[in-house]
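Analysis of the macromolecular model
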Amino acid sequence: CIRDRPPEVKRALEEIAAHADEPFAIGYMPNAGYPALREKLAVHISKEQNVAVPGSHVLFTCGAAGGINVFFHAVLERGDEVICPAPYFVEYGFYAGNHGGKLVPVQSKEFTFELDLEKLEQAFTPRTRAVILNSPNNPTGRIYTRAELEGFARIIRKKEQEYNRLIYVVSDEPYRFLTYDGVEVPSVLPLYQYAVVISSFSKNLSLPGERVGYVAVSPKLADRAKLMAGLT
């Protein structure tokens, strides 16, 4: 837990408990989440990412881990590859493997943990389907700069043309809030068309056991309605 939970959490849980014995008080919600809550979260994401993301492009998930698994289940075919800068959160390998994919770690630059764009470019193959980025990074703490991300986006677009194959960028952002001295955490959504942001409230609101996460699909993504349907 990063810190104590906000007092609003306690008040909300008490309110829910007070009505828990009423008919239909606890039941299934729509698969993508309550529409009003999706709209409210979309406003927050749009401000955070500096991109207008509508509520129809937001999906609630069982934590960020659930979001990544849902995404890989929707887009990966057996043998597909997912590129990931290393060091990385160790469970990424399982998330890709759960859905027939293979994680391809690429070592970052020594000491600074900057993206090694030359090594990353060499890691692409005709089976590359996605890239997963985690900034601020777990475990290194590295925040990828706008210049790094722009350079990487150029490589991805080049590889898409070379292989005639769509490649997704997954930005895993549970630590976006954990920065100091006004350091910018650039958004991938304005930089790359086929991008999604996946995150949760486990860290910033200290709610790991509640498993509240989300997937936000870029409004620039072609066939975004089809992807949202697959995720849902």
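Below you will find a few notes about this structure. Just so you know, the residues in each chain are numbered from 1, in the order the chain's sequence is written. In keeping with the model being predicted, local features are shown solely for residues with a pLDDT of at least 70 and side-chain atom pairs are shown and tallied solely at 80 or more, while totals for entire chains, interfaces and linings include all residues. Derived side-chain values reflect all non-hydrogen atoms in the structure, with water molecules and hydrogen atoms excluded from consideration.

**Quick word on a nonpolar patch on the surface**
- A surface patch of nonpolar side chains, about 280 Å² in accessible area, is lined by Met29, Tyr34 and Leu37.
- Runs of H or I in DSSP of at least four residues are treated as helices and runs of E of at least two as strands, each being numbered from the N terminus. Looking at the secondary structure, you find Tyr34 in the loop between helix H1 (7-18) and helix H2 (35-49).
- With relative accessibility at 42%, the residue Tyr34 sits in the partly exposed group. Distance thresholds for patches are 9 Å for like charges and 5 Å for nonpolar side chains (Val, Leu, Ile, Met, Phe, Trp, Tyr), applied to residues having over 30% relative accessible area and no salt bridge. Here, Shrake-Rupley sampling with a 1.4 Å probe gives the accessible areas, and only protein chains in the shown set may cover a residue. One side-chain nitrogen of Lys or Arg within 4 Å of one carboxyl oxygen of Asp or Glu is enough to make a salt bridge. Accessible area is worked out with a 1.4 Å probe on protein chains only. A residue is then buried under 20% of its type maximum, exposed over 50%, and partly exposed in between.

**Observations regarding empty space enclosed by the protein**
- In this analysis the probe radius is 1.4 Å and the grid spacing 1 Å, with only protein atoms considered; a cavity is a set of points the probe fits into but cannot get out of, a pocket is an open set with protein on both sides within 12 Å along at least five of seven lines, and lining residues have an atom within 4 Å of a point. Grid points are joined across faces, edges and corners, and a volume is the space filled by probe spheres set on the points. Under the definition given, this model contains three cavities of 30 Å³ or more.
- In this structure, the largest cavity occupies an estimated 70 Å³ of space.
- Val131, Leu133, Leu149, Phe152, Ala153, Ile156, Val169, Val188, Leu191 and Tyr192 together form the lining of the largest cavity.
- For the lining of the largest cavity, the secondary-structure elements that each account for two or more residues are strand S4 (128-134) and helix H6 (146-163).
- The leading source of residues in the lining of the largest cavity is H6, at four residues.
- Lys, Arg, Asp and Glu make up the charged group, whereas Ala, Val, Leu, Ile, Met, Phe, Trp, Tyr, Cys and Pro make up the nonpolar group; the residues left over, Gly among them, are polar. Partitioning the lining of the largest cavity into residue classes produces ten nonpolar, no polar and no charged.
- In this model, the second largest cavity occupies a volume close to 50 Å³.
- Lining the second largest cavity are Leu133, Ser135, Tyr144, Leu149, Ser171, Glu173, Pro186 and Val188.
- Residue composition of the lining of the second largest cavity, by class: five nonpolar, two polar and one charged.

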